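Summary of structural features
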Amino acid sequence: MAESLSKNAQLLKFFAQTYQGIPRKRLAKLSYMADLVARQFLGHPISQFEYHVYFYGPYSKELPEAVAELEAAGLAWSKAEGRSQPDDVARKRLFDAGKPAAFDFSLGENAVLGYVVSNFGEMDFEELIQDFVYESRPYRAVRERFNERIPMEIVDNEGRGELGFDLEGAIRRITGVLRPRGWFLSKSTFAVSGGHHEA
């Protein structure tokens, strides 16, 4: 039996298979946005990444470990490009290897991932970081303090109050209502494939 992936690696695999050759900076920011939105509407992050203020906004030092986990499992590979001088910064991209992986995302987490992909996946990178990442409340709380841990927990359940209901619970109830009547609603209903929701 294959060893299961960490939630960190699952999140990166999800984005890598959604966007072939995803740049590392975009990968870090989409992971941040997924955890931010999950905390707002589910009360917990999807991953176990701990984000810190870094050169280009939020970054998790656990991200390279999760990439290495995917590479060791043969599920993804990385490519560095654009390094013409020894002191240049290489641009790293993560490529999906095309092998399936088991995801352990809840229905609510799948809904959050679908939202993040639909709203931020193809967004211009500068717009993403300037208008959404840098303006998020956790990042604003510490943005001037390089390498400071970003207090993501300050937005836990914030969106539930705005919605007036529990997203995860609502999806579970909808699933329960639809199954007895011949409909089948699964985690894949809220998953994204090639930028489109699968039903």
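Residues numbered from 1 in each chain as written. Predicted model: local features only at pLDDT ≥ 70, side-chain atom pairs only at ≥ 80, totals over all residues. Heavy atoms only, no water.

Close approach of charged atoms lets side chains of opposite charge pair. If you walk through the whole model with that rule in mind, you get six salt bridges. A salt bridge links Glu109 to Lys7; the nearest nitrogen and oxygen atoms lie 3.1 Å apart. Placement of Glu109 in helix α4 (residues 107-120) and of Lys7 in helix α1 (residues 7-18) is noted, with a sequence separation of 102 residues between them. When sorted by exposure, Glu109 lands in the same class as Lys7, which is buried. We note a salt bridge from Arg39 to Asp156, for which the minimum N-O separation is 2.7 Å. One end of the pair, Arg39, is in helix α2 (residues 24-42); the other, Asp156, is in the loop between α6 (137-142) and α7 (158-163), and 117 residues separate them in sequence. Relative accessible area serves as the criterion here: at 15%, Arg39 is assigned to the buried category. (Salt bridge = Lys/Arg side-chain N within 4 Å of Asp/Glu carboxyl O. Helix = DSSP H or I, 4+ residues; strand = E, 2+ residues; numbered from the N terminus. Buried < 20%, exposed > 50% of the residue type's maximum accessible area, 1.4 Å probe, protein only.)

Glancing now at α2. With 19 residues, α2 should reach 27 Å at 1.5 Å per residue; the first-to-last C-alpha distance of 26 Å fits that figure. Within α2, 17 of the 19 residues are buried, leaving the element largely enclosed by the surrounding structure. One or two positions beyond α2, positive phi appears at Gly43, with a value near 85°. (Expected span 1.5 Å × (residues − 1).)

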